[in-house]
Amino acid sequence: MQLPRWWELGDPCAWTGQGRGTRRMSPATTGTFLLTVYTIFSRVHSDRNVYPSAGVLFVHVLEREYFKGEFPPYPKPGEISNDPITFNTNLMGYPDRPGWLRYIQRTPYSDGVLYGSPTAENVGKPTVIEITAYNRRTFETARHNLIINIMSAEDFPLPYQAEFFIKNMNVEEMLASEVLGDFLGAVKNVWQPERLNAINITSALDRGGRVPLPINDMKEGVYVMVGADVPFSSCLREVENPQNQLRCSQEMEPVITCDKKFRTQFYIDWCKISLVDKTKQVSTYQEVIRGEGILPDGGEYKPPSDSLKSRDYYTDFLITLAVPSAVALVLFLILAYIMCCRREGVEKRNMQTPDIQLVHHSAIQKSTKELRDMSKNREIAWPLSTLPVFHPVTGEIMPPLHTDNYESTNMPLMQTQQ
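In this text, all values refer to a predicted model and were calculated from it rather than measured experimentally.

1. Things to note about the overall build of the protein
Looking only at helices and strands, the protein has nine helices and 13 strands in total. Across the 418 residues of the protein, 36% fall into the buried class. Of the contacts made within the protein by residues no fewer than 6 positions apart, 68% connect residues no fewer than 24 positions apart. Accessible area for the protein stands at about 28,300 Å²; split by element, carbon and sulfur atoms hold 56% of it.

The structure is reproduced here in structure tokens:
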């Protein structure tokens, strides 16, 4: 099959292996489209090298077909193996991936995709990504290393960048080379640049979007940022018209003349398009005016010396522990003297009390004791109205239940019937 002129094969030595594993997006040699590079994986556990460019979209596909042959038992002749396989990707020595690299896999029966836009800070620094495949049927694992060598791009960054929001696409659909190529072709027709690169692709969910309802095959949406070397076309500038801005504020679709070139395959939300002209951007640095809430500059920090002198804590011990203990002991002795040595006994109290007062007091105590003794020996007849007159069974007249010398103070008011 003959490839388009904006496609270019990757490392020729990679074709000696089996199975496709990597797709990299980089600037095309013609300067009009993205370059799609295919790197071929061999089935041995060896490291693979890819060479993306800084500021250009990088895509690496983890194909399930490539890993199926590494999970025994192999299917019998005539059987079709469709094991669920999931992938785990992380930076070697770390639990997660670099900040610029994302990963997505919808289901265990779909391929995984690593994608992102490398930064210029990582140019020349190899990034080793550990790829671990899990077979959910046999619980077998297979691991490969992907070495990402980020290269610098001569035309990075492109001065004119536009970000489109496509409603009817998911991120994994947009990462397909055919779909992305069609979108870049439509952008090229309305922009007419000399160099056009896909800079980054971001899912709407990563921008705070909501998960769509499973109705009519709704999509979550995807943001696609492209860069070019020529100013924006008049069609793209139509979004900045006051009439279109008013329609967007009223949640109405703006009138864009070039929307027909996208509508056949891509449904673009023109109200969310972002146009960035880096040639007109000026530094927004402002000198900090010191005022309330801003501390003055204390100069360079000077840490203490490593050779610290020893300190005597004996004086601190006396002040913090010995002095309070001595004060507490003095207070305890004063209180003990008052409670024990200054106590007045009963005899001393009686000696200081007049005799007539003591006689009156003893008379009152004697009278109180006699009254209490008399209250215990009361002999009062029990009221007849409270006694049963007839036997509840025989009907005979019943005698009183107590004798004359019965202690009535201990008898209840109501007798229990027998």
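2. Digging into a nonpolar patch on the surface
Taken together, the side chains of V323, V327, V330, L331, I334, L335, Y337, I338 and M339 make up a nonpolar region of the molecular surface, amounting to roughly 890 Å² of accessible area. In this fold, L335 is placed in helix 7 (residues 314–341).

3. So, the confidence of the model for the protein
Parts of the prediction with low pLDDT should not have their coordinates interpreted in detail. Scored by pLDDT, the protein comes out at a mean of 76, with 73% of its residues at no less than 70. Confidence drops under a pLDDT of 50 for residues 1–45, and excluding neighbours within four residues, the segment shows 130 contacts in the predicted structure.

4. Here's the deal with the pairing of strand 11 (residues 196–203)
Burial of strand 11 is extensive: eight of the eight residues sit out of reach of the surface. Inspection of the sheet shows strand 11 paired to strand 12 (residues 222–228) by seven bridges, in the antiparallel sense. If you follow N200 over to strand 12, its bridge partner there is M225.

5. Thoughts on the side chain of T202
Mapped onto the elements of the fold, T202 is located in strand 11. If we ignore the near neighbours within four places in the chain, the residues touching T202 are R102, R207, V222 and Y223.

6. Let's talk about the sheet that holds strand 13 (residues 274–277)
Reading across from one edge, 11-12-10-13 is the order of the four strands in this open sheet, with antiparallel pairing throughout. Of all the strands in the sheet, the pair left with one neighbour each is strand 11 and strand 13. On average, adjacent strands in this sheet sit at an angle of 15 degrees to one another, irrespective of strand direction. Strands in contact with helix 3 (residues 177–191) are strand 10 (160–166), strand 11 and strand 12; relative to strand 11, the strand with the most contacts, it is inclined by about 125 degrees.

Rules used throughout
- Residues numbered from 1 in each chain as written.
- Predicted model: local features only at pLDDT ≥ 70, side-chain atom pairs only at ≥ 80, totals over all residues.
- Heavy atoms only, no water.
- Helix = DSSP H or I, 4+ residues; strand = E, 2+ residues; numbered from the N terminus.
- Buried < 20%, exposed > 50% of the residue type's maximum accessible area, 1.4 Å probe, protein only.
- Contact = heavy atoms within 4.5 Å.
- Areas by Shrake-Rupley, 256 points an atom, 1.4 Å probe, with all protein chains shown as cover.
- Patch = residues over 30% accessible without salt bridge, like charges linked within 9 Å, V, L, I, M, F, W, Y side chains within 5 Å.
- Salt bridge = Lys/Arg side-chain N within 4 Å of Asp/Glu carboxyl O.
- pLDDT = per-residue confidence, 0-100.
- Pairing = 2+ DSSP bridges.
- Axes fitted to C-alpha atoms, helices over the stretch in contact; angles between N-to-C directions.

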